[in-house]
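Fold and geometry: a report
Listed below, chain by chain, are the residues.
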Amino acid sequence: MFDAAFTLYRRDGLQLLRLIAVPAAATFGMLALSWHLIGPSLFTTEHPESVLMQAWELIIMLGIGLFAAAPFIFLAYSYMSGAVALFVSDRHLGRWPNAAVIHRLTLRKLPRLVLANLAILLAVCAGWIVGGGLLLLSALISARTGDADPYAPVISVLGVLGLMGGTLVLPFAFSAYCLAPLVLLLERVSVRRALSRSRELMGGLSDPARMTAIGLAVVTLLLQLLLWGSLQLPAGMLEQGAFTADIASGTLLFKVAYQMVSLLGAFVSFILVHPVLISGLTLLYYDRRVRAEGYDIELLSQEIWKRDRSVDFEL
């Protein structure tokens, strides 16, 4: 599965990158902009003496990210991943991809793709969300009662357990629902049915397909981080060169140059490596359908029926 994904990517990578260049740039640009505008504010506060005010600031920043940035990020990412999946699907089935058809089909199914990806994110991060909410509640109770409430420590412990449990469950939740966007693209089903179909195709926890999906995600993430780290070397060299030449790192020109070099490396690693994950999941979808449903026989019968309707074909 890994070899097939990388082989397809090496063979048709240029056409694929041309197809997804705009949505990939939009996805990465929105992620980077959101992090630079919202991320630092999550770890700083103007009211260090008031836990309640800190909680209010945190809720406001999360709300801004959720309602202002998240919709655009999900739209761009869903479009990019949908285009990759349709391209890989065509190549796997022996067809040459038509870019106009891929864009049209992805755009038509974009709202449901966004809902499917949002559902997957919530399922994958459910433990973290619950654990973080419990820790926040514990902090608020402690601040209001002055550490006199006996339930605050219990809630805090439950929050820590939620974070730990969410980390352990995360890969298995991903492996259960990772095929839902592909099912939604390639079959005529609703979002809810796509999620249930993904669970059916991936099987139980001991099914090798689950480990394949987890392994593919881990390998892709490590490769992306490795490439990102290697591409960050020019940014480090720029900073070292500025220090050696006694150029002030606080100047506007240096900051612009440093940010451009840093973001370029991160974007290149994202657009080059992340499509491998989507390609691998697309191939895994067809592999599961062949093994569980005899999809190859179905395609063979359809091909025979198209070419000669007089042929008697029986299973």
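The preceding data block contains the structure.
Read on for a plain summary of the structure.

Cut-offs used in this document
Residues numbered from 1 in each chain as written. Predicted model: local features only at pLDDT ≥ 70, side-chain atom pairs only at ≥ 80, totals over all residues. Heavy atoms only, no water. Helix = DSSP H or I, 4+ residues; strand = E, 2+ residues; numbered from the N terminus. Buried < 20%, exposed > 50% of the residue type's maximum accessible area, 1.4 Å probe, protein only. Contact = heavy atoms within 4.5 Å. Areas by Shrake-Rupley, 256 points an atom, 1.4 Å probe, with all protein chains shown as cover. Expected span 1.5 Å × (residues − 1). Arc of directions from axis to C-beta. Axes fitted to C-alpha atoms, helices over the stretch in contact; angles between N-to-C directions. Nonpolar A, V, L, I, M, F, W, Y, C, P; charged D, E, K, R; others polar. Patch = residues over 30% accessible without salt bridge, like charges linked within 9 Å, V, L, I, M, F, W, Y side chains within 5 Å. Salt bridge = Lys/Arg side-chain N within 4 Å of Asp/Glu carboxyl O. Lys, Arg positive; Asp, Glu negative; His and termini not counted. Charge placed at Lys NZ, Arg CZ, Asp CG, Glu CD. Bend = angle between axes of the 7 residues up to and from the residue. Phe/Tyr/Trp six-rings, centres within 6.5 Å; stacked < 30°, edge-to-face > 60°. Core = buried A, V, L, I, M, F, W, Y, C linked by side-chain atoms within 4.5 Å.

Regarding the overall build of the protein chain
- Along the backbone of the protein chain there are 12 helices and zero strands.
- Each helix and strand of the protein chain, placed in order from N terminus to C terminus, yields the pattern α-α-α-α-α-α-α-α-α-α-α-α.
- Classification of the 315 residues of the protein chain by burial places 37% in the buried group.
- When contacts within the protein chain are restricted to residue pairs at least 6 apart in sequence, those whose partners lie at least 24 apart make up 74%.
- Carbon together with sulfur atoms contributes 70% to the accessible area of the protein chain, which is approximately 18,200 Å² in total.

Looking at helix α4 (residues 110–124)
- Here α4 contains 15 residues, and its C-alpha end-to-end distance of 21 Å stays within 8% of the 21 Å for a straight helix at 1.5 Å per residue.
- Those residues of α4 that sit buried are L110, L113, V114, A116, N117, I120 and V124. Buried positions in α4, seen along its axis, are confined to an arc of 165° and lie on one side of it.

A word on the packing of helix α3 (residues 99–108) against α4
- It is the contact of α3 with α4, at a shortest axis distance of 4 Å, that shows an interaxial angle of 60°. Mapping the contact onto sequence places T106, L107 and R108 in α3 and L110, P111 and L113 in α4.
- Residue composition of the contact of α3 with α4, grouped by class: four nonpolar, one polar and one charged.

Digging into a positive patch on the surface
- A cluster of like positive charges, contributed by R104, R108, R112 and R188, occupies part of the molecular surface.
- You can see R188 is positioned in the loop between α7 (180–186) and α8 (191–202).
- Overall, the relative accessible area of 88% leaves R188 in the exposed class.

Comments concerning helix α6 (residues 151–177)
- At V169, α6 shows its maximal kink, close to 40°; a proline, P171, follows between one and four residues later.
- Among the residues of α6, those classed as buried are A152, I155, G159, G162, G166, A173, F174, S175 and A176.

Here's the deal with the pattern of salt bridges
- A complete count under the given rule lists 10 salt bridges for this structure.
- In this structure, the salt-bridge partner of R95 is D90, at a minimum N-O distance of 2.9 Å.
- Overall, D90 belongs to the buried group, its relative accessible area being 13%.
- Two residues, E293 and R197, come together in a salt bridge whose shortest N-O distance is 2.5 Å. Of the two residues, E293 is situated in helix α11 (residues 252–293) and R197 in helix α8; the sequence distance between them amounts to 96 residues.
- The class for R197 is buried, based on a relative accessible area of 8%.
- Members of the salt-bridge network, linked through shared partners, are E187, R197, R289 and E293.

What about the packing of aromatic side chains?
- Tallied over the full model, the rule gives three aromatic pairs.
- Seen from their ring centres, Y285 and Y286 are 5.2 Å apart, and the 75° between their planes marks the pair as edge-to-face.
- Y285 sits in the buried class, given a relative accessible area of 1%.
- Put simply, the rings of F28, F267 and F270 touch in pairs and so form one group of aromatic residues.

Here's the deal with a nonpolar patch on the surface
- Judged by side-chain polarity, V154, V157, L158, V160, L161 and M164 come together as a nonpolar surface patch covering roughly 530 Å² of accessible area.
- Within the secondary structure, L161 sits in helix α6.
- Assessed through its relative accessible area of 49%, L161 is described here as partly exposed.

Some details on the nonpolar core
- By size, the foremost hydrophobic cluster in this structure holds 53 residues, and its most contacted members are I20, C178, L179, L184, M202, L281 and Y285.
- Excluding its chain neighbours within four sequence positions, the residues that come into contact with M202 are S175, A176, C178, L179, D207, A209, R210, A213, L284 and R288.

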